[in-house]
Amino acid sequence: MEQFKNNVKKRIDYLGMEIAWMLREHGKTVVGEVSVKQLLGGMRGLTALVCNTSYVDPYRGLFISDYAIPEFEDKLPEEIFYLLCAGKFPNETELAELQEELAFRAELPDYLWTFIRQLPRHLHPMTMFSLCVLALEGESVFKQKYEAGELGKSEYWEYMLEDAVSLLAKLPALAAAIYRIHLLREEPMDYHPSLDWGSNLAHMLGVNPELSFAELVRLYMVLHCDHEGGNVSAFTSRVVNSALSNLYYATSAGLNGLAGPLHGLANQVCLRFIRGIHERFGESPGTDQLDAFVREELDAGRVIPGYGHAVLRVTDPRFTAFMEFGNRHCPNSPFLQTVKKLYYVVPNILKTYKEGKVANPYPNVDAISGTLLYQFGISHFDFYTVMFGISRTFGFCAQSIIALGLNQPIIRPKSVTNKWLMDALERA
Ligand code: AMX
């Protein structure tokens, strides 16, 4: 992994120079302010973090380095990991080096197989996934070196990178084992050394041998990999890692945040939503029926899953990328057709709902991702957030590697009480 480490080091050094300049020349310059509404409203729109792996432009969506989705959607997931960490795509030899390392570390330890098989079947697959990542924690080289007193601060990132590659290498076998053993009740499939990381995941899930399924899995992994630093799962994982808890702890924590219905679980909720529509109106619902159904849901106090976003203010480009994939590979799918009709109906309703309070009436990635997985044979909805989690682990790991390389301290913002705030407002 020497080339990879060298390239990540170059990136860290470059970012470090920028930071040194900002601190030297502008350490006390004020770049934002915080309103009472933001303090009381989940810090929405408050600029409070620096994350150098990716950026979400409210109107153009996800950027990794300077690349927007159309420029990286056809890359391999491992190329995206390289980009997140090193700020550049790997060349052919650099990619081969990383792929070799991923293949070399792909095997699950025996104790993990025992652990997976003994997991109670009633657990949600996200719970199983998070538990399994945590169960691997003893593998952390960072932890071993740190406990042995062998690590200087400037080396932390290197061992985070070691742990990241080992963890990512194991995720296809781990996630596929959960799917096959607990959801399909079948035996796991063997790792295929000649396949790339994403194709191996598709292969080991074992639900669809078509090349287009591997293509979908790779696209899914690429589109969900990172979404800057303030979303629930990435922020959680980074906060945990900032205490120097290793990446296994930090990833498991991030996955627990991703498991919430307002975050990663929305993709499974979305497919249930569409299934509910089909059960009620048949597989080809009319737009009038959809309009009435959506209004009923809102009147009942429920959110429309897959719509809205804390940062985006347009249709999520990840939604668009999946839609283009669907149009190419399964244009006649009744599920895809209903997703399209909802896209026609829901924004118009949300625009005027609660007197225009919904900041973004357009679809996010979850409005379509589950539909495609379902269409290609992953029929257990509960697994969709695991797919999201596998991919998001790329971002968790990259964010922590870069943050530790830049010597960022433990995260510890100040909180205040209502009384403190009211006193401050009286004085203002
Ligand atoms: N349906 C109904 N109401 C919605 C809505 C939706 N899809 N999106 C937002 N609203 C409501 C909010 O609940 C809020 O109402 P309140 O003031 O009465 O509590 C109001 O509109 C303003 O919210 P907002 O500023 O537009 O959104 P937010 O930043 O607070 O929340 C999100 C963002 C994603 C949680 C929200 O849009 C939502 O609940 N969407 C549905 C769930 C979903 O798709 N989640 C996945 C998001 C992407 C991801 O993380 N994977």
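In this text, all values refer to a predicted model and were calculated from it rather than measured experimentally.

Caption draft 1: Expanded view of the packing of helix 14 (residues 266–281) against helix 15 (residues 287–299). Closest axis-to-axis distance for the helix 14/helix 15 pair is 12 Å, and the angle between their directions is 125°. Between helix 14 and helix 15, the crossing angle belongs to the class labelled oblique. Here the hand of the crossing between helix 14 and helix 15 comes out right-handed. Within the contact between the two elements, helix 14 uses Phe273, Ile277, Arg280 and Phe281 and helix 15 uses Gln289, Leu290, Phe293, Val294, Glu296 and Glu297. In terms of residue class, the contact of helix 14 with helix 15 is made up of 6 nonpolar, 1 polar and 3 charged.

Caption draft 2: Spatial organisation of helix 14. Taking 1.5 Å as the rise per residue, helix 14 with 16 residues should run 22 Å; its terminal C-alpha atoms sit 22 Å apart, in good agreement. Looking only at helix 14, the buried set comprises Ala266, Asn267, Gln268, Cys270, Leu271, Phe273, Ile274, Ile277 and His278. The elements touched by buried residues of helix 14 are helix 11 (211–223), helix 15, helix 17 (334–352), helix 18 (366–375) and helix 19 (384–405). Gly282, located one to two residues past helix 14, shows a positive phi value of around 90°.

Caption draft 3: Up close: the pairing of strand 1 (residues 54–57). Note: strand 1 against strand 2 (residues 61–64), 4 bridges, orientation antiparallel. Within strand 2, the position partnered with Tyr55 by the bridge is Phe63. What sits between strand 1 and strand 2 in their antiparallel hairpin is a turn of 3 residues.

Caption draft 4: Region of the structure containing the sheet that holds strand 3 (residues 67–68). Spatial ordering of the open sheet is given by 1-2-3, a layout of 3 strands whose pairing is antiparallel. Every interior strand has two partners, whereas the edge strands, strand 1 and strand 3, have only one. Inspection of the sheet shows strand 2 paired to strand 3 by 2 bridges, in the antiparallel sense. Following the sheet pairing, Ile64 is matched in strand 3 by Tyr67.

Scoring rules and cut-offs
Residues numbered from 1 in each chain as written. Predicted model: local features only at pLDDT ≥ 70, side-chain atom pairs only at ≥ 80, totals over all residues. Heavy atoms only, no water. Axes fitted to C-alpha atoms, helices over the stretch in contact; angles between N-to-C directions. Helix = DSSP H or I, 4+ residues; strand = E, 2+ residues; numbered from the N terminus. Parallel < 35°, antiparallel > 145°, perpendicular 65-115°, else oblique. Left-handed = near helix turned anticlockwise from the far one by under 90°. Contact = heavy atoms within 4.5 Å. Nonpolar A, V, L, I, M, F, W, Y, C, P; charged D, E, K, R; others polar. Expected span 1.5 Å × (residues − 1). Buried < 20%, exposed > 50% of the residue type's maximum accessible area, 1.4 Å probe, protein only. Pairing = 2+ DSSP bridges.

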